[in-house]
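Analysis of the macromolecular model
Spelled out from the first residue to the last, the chains are:
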Amino acid sequence: MINLGVLASGRGSNFQAIIDEIEQGKLKASIRILITDRPDAYAIERAKKHNIKHIYMNTKEFSSKDSYFEAIAENLFNEKVDLVILAGFMRIVGKPLIDAYPMKIMNIHPALLPSFTGLHGQKKALQYAVKITGCTVHFVDEGMDTGPVIIQSAVCAFHDDTEETLSNRILKMEHKIYPEAIRLFEQGRLEVQGRTVMIKDIPSRDYDYLINPPIQLTD
Ligand code: GRF
């Protein structure tokens, strides 16, 4: 059983997927706090519905990026958070939080890293006209989408996809692999060696099959 702290800026569908797996008993975790950097983040409504403590932290009330992230780290410590989950949090995490939670902050990115980093990963994949893209759960370091990869899922991109259709297809897989990555962490099965995240007790070939389902030609 681990304590989670979630940081979000918007819709919070990944936050919801994690809530759902906890409530279904599939994930042994407790979400101790949701922190948002926007007062209108829809994630707040989800927190209210599930009786999860939530706070809005306004960057303008802090003199620097470091002091903002120091305050976030303090709030997470106060809630005894073991693992920090970025769920659509639209900021680069500041060093004080990374130092407070080394290899204990996860993010999900809507592309197969290291491709299409930053915003609009799905749109960039379409513009490049790749046939396969996907999503990546990774540990967060000081770079943008550069930390060690935990798990990835491949998703087909079609020539007639729009940003919306592709994003929706990727999102379905996001909602599966994010709780899965947290579950592996909770079970103590993630071991980070340099850039490599080893998953204990799973032969890598079987695991690839599990996380990358056979290519789906339809939605
Ligand atoms: C997702 O596409 C995620 O990959 C990216 O931001 C989006 C957040 O969506 N980091 P949601 O707020 O979880 O619905």
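An account of the accompanying structure is given in this report. (Residues numbered from 1 in each chain as written. Predicted model: local features only at pLDDT ≥ 70, side-chain atom pairs only at ≥ 80, totals over all residues. Heavy atoms only, no water.)

Some thoughts on the side chain of H109
Checked against the element boundaries, H109 lands in strand β5 (residues 105-109). Within the structure, the side chain of H109 is placed 2.6 Å from the backbone oxygen of F116, a separation counted as a polar contact. Those residues in contact with H109 that sit more than four places away from it in its chain are S115, F116, T117, G118, G134, C135, T136 and D145. (Helix = DSSP H or I, 4+ residues; strand = E, 2+ residues; numbered from the N terminus. Polar contact = N/O pair within 3.5 Å; in protein donor to acceptor, adjacent residues only side chain to side chain. Contact = heavy atoms within 4.5 Å.)

With respect to the nonpolar core
By size, the foremost hydrophobic cluster in this structure holds 41 residues, and its most contacted members are F15, M106 and I182. In terms of residue count, the dominant contributor to this core is helix α6 (residues 163-186) (nine residues). For F15, the residues in contact, after removing those within four places along its chain, are V6, I31, L34, A43, R46, A47, I52 and A87. Judged by nonpolar contacts, the second largest core, of 20 residues, contains I35, L76, F89 and I98. (Core = buried A, V, L, I, M, F, W, Y, C linked by side-chain atoms within 4.5 Å. Buried < 20%, exposed > 50% of the residue type's maximum accessible area, 1.4 Å probe, protein only.)

Points about the packing of aromatic side chains
Enumeration over the complete set of coordinates arrives at five aromatic pairs. Within the aromatic cluster, the residues linked to one another by ring pairs are F62, Y68, F69 and F89. (Phe/Tyr/Trp six-rings, centres within 6.5 Å; stacked < 30°, edge-to-face > 60°.)

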